[in-house]
Amino acid sequence: MKSPIFLIVIALALTSCVSSKKYTELQSRFDAANSENVRYKTELASGKTRINSLEEAIESEKKSNLQLQKTLSSSQNLLADCLAGSKQGGANIAKLVDEIKESNRYIQHLVNTKNKSDSLNMVLTNNLTRSLSREELRDVDIQVLKGVVYISLSDNMLYKSGDYHVSDVAGATLTKIAKIIKDYKDYDVLIEGNTDNVPISRENIRNNWDLSTLRASSVVQELQNKYGVDPSRLTAGGRGEYNPLVANDTEAGRAKNRRTQIIITPKLDQFMELIGQAPTEKSN
């Protein structure tokens, strides 16, 4: 077994054999690998968030399916009662059977519609997440909740403190978000401003209601005028300090509550029309 002193001498000899240029190259490769590792960790965290959103959607779907199963069971019980106690002609029974089949087709139609909407939302979310850099993801939070895509932007990135004009720094991020919005033309977009509970009173800004609404309006106009998003798809709204994510009793909490959300949803009229349509093909 070689002594520690011998090993130290060998290590020093090997180190002295590595040139400064080679050492610098190895250090650069190490730094690059370390940066890549950080990026993978960020993507992993984002993936966990999307998994949580999917689990919530699955749980909601289970509850909906349970209710539909109860409705189907009730219809089947009604049919059984008719078969057991009714002396009427087979025409009424056949009609009831057809109604049950039609109900089953409609239930499947609703499930397929919901699954299609969820799939589109996840594709939208993945495309946006991949387009953002690691630095941008520090100020952008993307979630899918109950079939709706929420993009939450920190006010530090969008505005100066107490101001509502969109900063130049936010341009690169808004460019990527605008592209996603324009790619998915069948979605409406609500821009929602939120503040902390610290009172504000400035010229033309009476309170946090004004500030949150002005900020949402600024983002809407930026998307329309600078990035060419169809204004008929946009809505601006402010919720002031009354929609906090966490308590406002710390600076970190207040910073989290100061945000502008871009909420992407299927067009309501088209979605309701799609749900209301009966399946075009009837199964035997």
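Residues numbered from 1 in each chain as written. Predicted model: local features only at pLDDT ≥ 70, side-chain atom pairs only at ≥ 80, totals over all residues. Heavy atoms only, no water.

Undergrad: Would you mind showing me how to read unusual backbone geometry here?
TA: Non-glycine residue N204 carries a positive phi angle of around 70 degrees. By relative accessible area, N204 is classed as exposed at 66%. (Buried < 20%, exposed > 50% of the residue type's maximum accessible area, 1.4 Å probe, protein only.)

Undergrad: Any chance you could explain the nonpolar core here in plain terms?
TA: Inside soluble globular proteins, nonpolar side chains tend to come together where they are buried. One finds I151, L153, L158, I181, I191, L223 and I262 to be the most contacted residues of the largest nonpolar core, which totals 32 residues. Elements represented by at least two residues in this core include exactly α3 (90-131), β1 (140-145), β2 (148-154), α5 (155-158), α6 (171-183), β3 (187-194), α7 (208-225) and β5 (259-266). Element by element, the count of residues in this core is highest for α6, at 5 residues. Discounting chain neighbours no more than four positions away, the residues touching L158 are L153, H165, V166, S167, A170, L174, V219 and T260. (Core = buried A, V, L, I, M, F, W, Y, C linked by side-chain atoms within 4.5 Å. Helix = DSSP H or I, 4+ residues; strand = E, 2+ residues; numbered from the N terminus. Contact = heavy atoms within 4.5 Å.)

Undergrad: Even after reading the chapter, I still don't get the pairing of strand β4 (residues 234-238), so can you show me in this structure?
TA: When a strand is regular, its side chains alternate between the sheet's two faces. Here β3 pairs with β4 via 5 bridges, running parallel. The residue of β4 that forms the bridge with V189 is L234. Chirality of the crossover, the property in question, places the unit of β3, α7 and β4 among those that are right-handed. (Pairing = 2+ DSSP bridges. Right-handed = clockwise from strand over helix to strand, strands pointing away.)

Undergrad: Got a minute to help me understand the pairing of β3 in this structure?
TA: When you tally the buried positions in β3, you get 6 out of 8 residues, the bulk of the element. Across 8 bridges, the pairing between β3 and β5 is antiparallel. Bridging from a neighbouring strand, E192 pairs with Q261 of β5.

Undergrad: Got a minute to help me understand the pattern of salt bridges in this structure?
TA: Within this structure, the stated rule accounts for 11 salt bridges. D155 is paired through a salt bridge with R215; the nearest N and O atoms lie 3.8 Å apart. Of this pair, D155 sits in helix α5 while R215 sits in helix α7; the two residues are 60 residues apart in sequence, bridging distant segments of the chain. Residue class for D155 comes out buried when judged on its relative accessible area of 5%. Taking the shortest distance from any N to any O, the salt bridge between K226 and E222 comes out at 3.8 Å. Classification of K226 by relative accessible area gives exposed; the value is 53%. In the salt-bridge network here, residues are joined through shared partners; they are D155, D196, R215, E251, R254 and R258. (Salt bridge = Lys/Arg side-chain N within 4 Å of Asp/Glu carboxyl O.)

Undergrad: I would appreciate a short explanation of the environment of T175 in the present structure.
TA: Mapping T175 onto the fold places it in helix α6. Note: C-alpha distance between T175 and L223 (48 residues apart in sequence) is 8.3 Å.

Undergrad: Help me understand the sheet that holds β2, please; the structure alone is not making it clear to me.
TA: To summarise the sheet geometry, strands pair through backbone hydrogen bonds and adopt either a parallel or an antiparallel arrangement. What the 5 strands build is an open sheet, ordered β1-β2-β5-β3-β4; its pairing is mixed. The open sheet terminates on both sides in strands that have one partner only, identified here as β1 and β4. Between one strand and the next, the sheet's axes are offset by a mean angle of 20 degrees, whatever the strand orientation. Two strands pair when backbone bridges link them, and β1 and β2 are joined in this way by 6 bridges, in the antiparallel orientation. Its bridge partner being in β2, Q143 is matched across the sheet by Y150. Contacting β3, β4 and β5, α7 runs over the sheet at an angle of about 160 degrees to β4. (Axes fitted to C-alpha atoms, helices over the stretch in contact; angles between N-to-C directions.)

Undergrad: Quick question: what am I supposed to make of the packing of aromatic side chains here?
TA: Any pair of aromatic rings gets described here by the distance separating the centres and the angle formed by the planes. In total, this model carries 2 aromatic pairs according to the counting rule given. Here the aromatic rings of Y184 and Y187 are separated by 6.0 Å at their centres, their planes lie at 85 degrees, and the arrangement is edge-to-face. (Phe/Tyr/Trp six-rings, centres within 6.5 Å; stacked < 30°, edge-to-face > 60°.)

Undergrad: I would appreciate a short explanation of α6 in the present structure.
TA: Each full turn of the α-helix corresponds to 3.6 residues, which orients residues three or four apart in the same direction. Its 13 residues give α6 an end-to-end C-alpha distance of 18 Å, which sits within 8% of 18 Å, the value for a rise of 1.5 Å per residue. Every buried residue belonging to α6 is among G171, T173, L174, I177, A178, I180 and I181, and all of these are buried. (Expected span 1.5 Å × (residues − 1).)

Undergrad: Help me understand α7 in this model?
TA: Compared with an ideal rise of 1.5 Å per residue, which puts 18 residues at 26 Å, α7 spans 25 Å between its outermost C-alpha atoms and is within 8% of the ideal. Those residues of α7 that sit buried are N208, D210, L211, S212, R215, A216, S218, V219, V220, E222 and L223. Its side-chain oxygen 3.1 Å from the backbone nitrogen of W209, N207 forms the N-cap of α7. (Polar contact = N/O pair within 3.5 Å; in protein donor to acceptor, adjacent residues only side chain to side chain.)

Undergrad: Would you mind showing me how to read the environment of D230 here?
TA: Tracing the backbone shows D230 in the loop between α7 and β4. In this structure the C-alpha to C-alpha distance between D230 and K182, which are 48 residues apart in sequence, comes to 8.0 Å. For D230, the side chain forms a polar contact with the side chain of S232, separated by 2.8 Å.

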